[in-house]
Amino acid sequence: MRRDLTLVFMAGMPGTGKTTLALALGQTRGWPVIDKDSLKSPLLTGGVSSEVAGPASYTLMLEMAQDLLLKQHLSIILDSPGRFPFVLEQVKEMTERAGARLKIIQCESPRELRNLRLTSREARPSQWREDAGLSDEEEREMFAHLPENTLILDTVSPLEDCLASAYTYTCQKEEPLKSGDAESRKQMRGFLLKRRLAAVVLVNETKQLLLQYRGPDAPTSPNQWSLLGGGIELGEMAEEAACREVREETGLHLEEPLTQLWHGLLPSVSQLEAYNEWFVFLAHTQARQSDVIVGEGDAMIFFPLSQVFRLDLSPSAVYLLSLWLSSQEKRSS
């Protein structure tokens, strides 16, 4: 399998927010998004009948997907309703041929919220403008063909939380799906809280970021670079844990108050049915490379920010650093 070659197949009723999530995930991962509505709407506008435009848009979507995945070796996101088994079968065959991972994300939300979204948006010619009036059972039957490792997200939750779940799900290492897999559903909801973690984005005076290299024996994210940090002990405050972890891992003492960058849940990479609760802090230091004592991991190195995303980063580091840099850009704009 080519490293990180992935096809994400979105599914869900209109108004569940799957396109919004697909675009956010695509921007975060740097993966192109193929939106079926972007293919069907111009056909309808050009005078093609709905009976022809519908099948043609799926054909175009799958042809584009094959070109990007098989010929250009790019990970991609397919944004379509996901209601038709024949489309999923072709997607499975395509991912098998490419040696890629297939990740299926189904978005759900209450009917009232979906209808509100549908009636308040500026719909394109191919998009629904109101709820179709199907029963709950009829809607469930539409997606009964989705396989057992489908990630089901309730998009009542904030987009940031849904994106965090989707991002980590696409990072999880698992075998490619086979066409003959059982079609029982594993609805990945109600994750257990596995650990509470504190992490630190530590920047020195020359705008370099200190990262830890996790060796081959690391229990999670081996052979990758990660943020400083670790588990919050019983009775310990998150900021106290962050300072302690930095001290234990690097020998550096953080003297100034830490700025909390983000607090939220990320699905565990090592355990599918569990969440980790993350507290992420920003700290500044006058330390240089010669001041760092490696207490944990195989190495601790200050990297210029321009080089950070060229490294093999752990999934959590990629996501959390992206959030931090995004917040920096918003402040400067």
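For the structure, see preceding data.
What comes next concerns the included structure.

Calculation notes
Residues numbered from 1 in each chain as written. Predicted model: local features only at pLDDT ≥ 70, side-chain atom pairs only at ≥ 80, totals over all residues. Heavy atoms only, no water. Helix = DSSP H or I, 4+ residues; strand = E, 2+ residues; numbered from the N terminus. Expected span 1.5 Å × (residues − 1). Buried < 20%, exposed > 50% of the residue type's maximum accessible area, 1.4 Å probe, protein only. Arc of directions from axis to C-beta. Contact = heavy atoms within 4.5 Å. Core = buried A, V, L, I, M, F, W, Y, C linked by side-chain atoms within 4.5 Å. Phe/Tyr/Trp six-rings, centres within 6.5 Å; stacked < 30°, edge-to-face > 60°. Lys NZ or Arg CZ within 6 Å of the ring centre and 35° of its normal.

### Examining helix 4 (residues 85-98)
An ideal rise of 1.5 Å per residue puts 20 Å on 14 residues; helix 4 measures up with 20 Å between its terminal C-alpha atoms. Within the sequence span of helix 4, burial applies to Val87, Leu88, Val91, Lys92, Met94, Thr95 and Ala98. For helix 4, the buried positions fall inside an angular range of 165 degrees around the axis, keeping them on one side. For helix 4, the secondary structure elements touched by its buried residues are strand 1 (6-12), helix 3 (50-71), strand 3 (76-79) and strand 4 (101-108). Positioned one or two residues after helix 4, Gly99 has a phi angle of 65 degrees, which is positive.

### Remarks on the nonpolar core
As a rule of thumb, soluble globular proteins bury nonpolar side chains together. Counting 42 residues, the largest nonpolar core has Leu21, Ile105 and Val201 as the members making the most contacts within it. The dominant element in this core, judged by the number of residues it contributes, is helix 7 (residues 159-171), at seven residues. Excluding its chain neighbours within four sequence positions, the residues that come into contact with Leu21 are Met10, Ile105, Cys107, Leu153, Leu159, Cys162, Leu163 and Ala166. Membership of the second largest hydrophobic core comes to 25 residues, among which are Tyr58, Leu69, Leu88 and Ala100.

### Some details on the packing of aromatic side chains
Applying the stated criterion across every chain yields a total of seven aromatic pairs. Ring centres of Phe84 and Phe86 lie 6.1 Å apart, and the angle between their planes is 35 degrees; this geometry places the pair in the tilted category. Relative accessible area serves as the criterion here: at 33%, Phe84 is assigned to the partly exposed category. One aromatic cluster is present, built from ring pairs that chain together Tyr58, Phe84 and Phe86. Geometry around Tyr58 places Lys36 over its ring, the cationic atom sitting 5.1 Å from the centre. The positively charged end of Lys103 is found above the aromatic ring belonging to Tyr169, 4.8 Å away from the centroid.

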